[in-house]
Amino acid sequence: WGVPDHLVFSRASQEISKMKEPFFTVVLTQSTHEPYDSPISNKEKITEKTELYNACASYTDSAISKFINSCKSKPWFNNTLFVFVSDHSHRFPLNRTFNEHERFKIPLLFYGNVIDTAFSGKQVSLLSNHHDIPATLLSQLNMEHANYPFSKNMFSTNSIPFAYWCTDFSMGWLEAQQKIGINLHNASVFMKEKSQDA
């Protein structure tokens, strides 16, 4: 799927250091995608796909850690917000089906010395999506985000919790009280759940 993550991050660090501040850049990791072809020392001893996926995830975590540590010596580090987010989760290690809504539950991490101490270490449980990142970041900067009408501030107590996913095969809508999944090939509903207190 691509170059091993530690090499990608090494090159990213070099390229970022050439950029004029302020800058915006994206680094895409690939090593946790099948066929899990990454430089893992004990790869030949791993037989189960679940174990191989877990090893690749550990490798990517290590590559991110080395990248961040290398960035700390750069003059732009103290002025930079790092946003870590995945595009989707994975079938492993729990052998989820492709359309399970839990397969689309992903991590989002804001990291950096630019984060206001009032938000440092704060965990947000609001049901959210990728498209909520712009409103959240712009709100932190006291900037207008009306150009992102579908984006909500994840830190706001007034934000309505909802999320959706969409693939070539299905789409799903999630709220605190209910979830629904639709097969896009035949318009059938394959998931419909409602909480008891809904």
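Structure report, in brief. These numbers were taken from a predicted model, which means no experiment stands behind them.

## Re the overall build of the protein chain
- Looking only at helices and strands, the protein chain has three helices and six strands in total.
- Sequence-ordered secondary structure for the protein chain, helices as α and strands as β, is α-α-β-β-α-β-β-β-β.
- Taking the principal axes of its C-alpha atoms as reference, the protein chain extends roughly 50 × 50 × 30 Å.
- Intrachain contacts of the protein chain at a sequence separation of at least 6 include 48% that bridge at least 24 residues.
- As displayed, the protein chain has an accessible area near 13300 Å², and 54% of this comes from carbon and sulfur atoms.
- In the protein chain, 18 positive and 19 negative side-chain charges are present, and the distance between their average locations comes to 3 Å.

## Considering helix H2 (residues 49-71)
- Given a rise of 1.5 Å per residue, 23 residues ought to cover 33 Å, and the 33 Å separating the end C-alpha atoms of H2 matches this to within 8%.
- Listing the buried residues of H2 in full gives Leu52, Tyr53, Ala55, Cys56, Tyr59, Thr60, Ala63, Phe67, Ile68 and Cys71.
- If you follow the buried residues of H2, they end up packed against helix H1 (5-17), strand S1 (82-85) and strand S2 (108-111).

## Here's the deal with the sheet that holds strand S6 (residues 189-194)
- Read across the open sheet, the four strands follow the order S3-S4-S5-S6; overall the sheet is antiparallel. Each end of this open sheet is capped by a strand with a single partner; those strands are strand S3 (162-166) and S6. For this sheet the average axis-to-axis angle between neighbouring strands, irrespective of direction, equals 5°.
- Two elements, strand S4 (residues 170-175) and strand S5 (residues 178-183), share five bridges in a ladder whose sense is antiparallel. Paired with Trp173 across the strands is Ile180, a residue of S5.

## Comments concerning the pattern of salt bridges
- Summed over all chains, the structure comprises four salt bridges.
- For the salt bridge of Lys152 with Asp132, the shortest nitrogen-to-oxygen distance reads 2.9 Å. Taken together, the residues span a long stretch of sequence, with Lys152 in the loop between helix H3 (133-140) and S3 and Asp132 in the loop between S2 and H3 at a distance of 20 residues.
- According to the relative accessible area criterion, Asp132 is buried, its value standing at 0%.
- Overlapping salt bridges bring together Arg11, Glu15 and Lys18 as one network.

## Re unusual backbone geometry
- The amide bond that connects Glu21 to the next residue, Pro22, takes the cis arrangement and shows omega of -5°.
- Here Pro22 lies in the loop between H1 and H2.
- Each neighbour pair has its own omega, and for Glu34 with Pro35 the value is 15°, a cis peptide bond.
- Summarising the element assignment, Pro35 is placed in the loop between H1 and H2.

## Here we look at the packing of aromatic side chains
- Scanning the entire structure with this criterion turns up ten aromatic pairs.
- Plain terms: the ring middles of Phe77 and Phe82 are 5.8 Å apart, the flat faces sit at 40° to each other, and that makes the pair tilted. Of the two residues, Phe77 and Phe82, neither departs from the other in class, the shared state being buried.
- Connected via pairs of aromatic rings, a cluster forms that spans Phe9, Phe23, Phe67, Trp76, Phe77, Phe82, Phe84 and Tyr111.
- The cationic tip of Arg103 hangs over the ring face of Phe104; the distance from NZ or CZ to the ring centre is 4.9 Å.
- Taking the ring centre of Phe162 as reference, the NZ or CZ of Lys152 above it sits at 3.9 Å.

## As for a nonpolar patch on the surface
- On the surface, a cluster of nonpolar side chains totalling about 330 Å² of accessible area is made up of Leu81, Val83, Val85, Leu108 and Val114.
- Here Val114 lies in the loop between S2 and H3.

Calculation rules
Throughout this description, residue numbers start from 1 for each chain and increase along the sequence as written. Given that the model is predicted, a residue must reach a pLDDT of at least 70 before its local features are reported, and side-chain atom pairs must reach 80 or more before they are shown or counted; all residues, however, enter totals for whole chains, interfaces and linings. Only heavy atoms go into the side-chain values, all of them from the structure, while hydrogens and water stay out. In this text, helices come from DSSP runs of H or I with a minimum length of four residues, and strands from runs of E with a minimum of two, each type numbered from the N-terminal end. Note on contacts: a residue pair qualifies if any of its non-hydrogen atoms lie within 4.5 Å across the two residues. Reported accessibility uses the Shrake-Rupley method at a 1.4 Å probe radius. Residues are deemed covered only where the shown protein chains occlude them. His is not counted, nor are the chain ends, whereas Lys and Arg count as positive and Asp and Glu as negative. Working definition for charges: the position is that of NZ of Lys, CZ of Arg, CG of Asp or CD of Glu. For a helix, the expected span equals 1.5 Å multiplied by the number of residues minus one. Partly exposed describes any residue whose relative accessible area lies between the buried limit of under 20% and the exposed limit of over 50%, with all areas from a 1.4 Å probe on protein chains only and scaled to the type maximum. Here, any two strands with at least 2 DSSP bridges between them count as paired. To get an axis, fit a line to the C-alpha atoms, keeping to the stretch in contact for a helix; angles then go from 0 to 180 degrees between the N-to-C directions. Think of a salt bridge as a Lys or Arg side-chain nitrogen and an Asp or Glu carboxyl oxygen that are within 4 Å of each other. Stacked, edge-to-face and tilted labels apply to pairs of Phe, Tyr and Trp rings (six-membered ring for Trp) whose centres lie within 6.5 Å, assigned for plane angles under 30 degrees, over 60, and everything in between, in that order. By definition here, charges over rings are those cases where NZ of Lys or CZ of Arg is within 6 Å of the ring centre and within 35 degrees of the ring normal. Residues forming no salt bridge and having over 30% relative accessible area are the ones grouped into patches, like charges within 9 Å of each other and nonpolar side chains (Val, Leu, Ile, Met, Phe, Trp, Tyr) within 5 Å.

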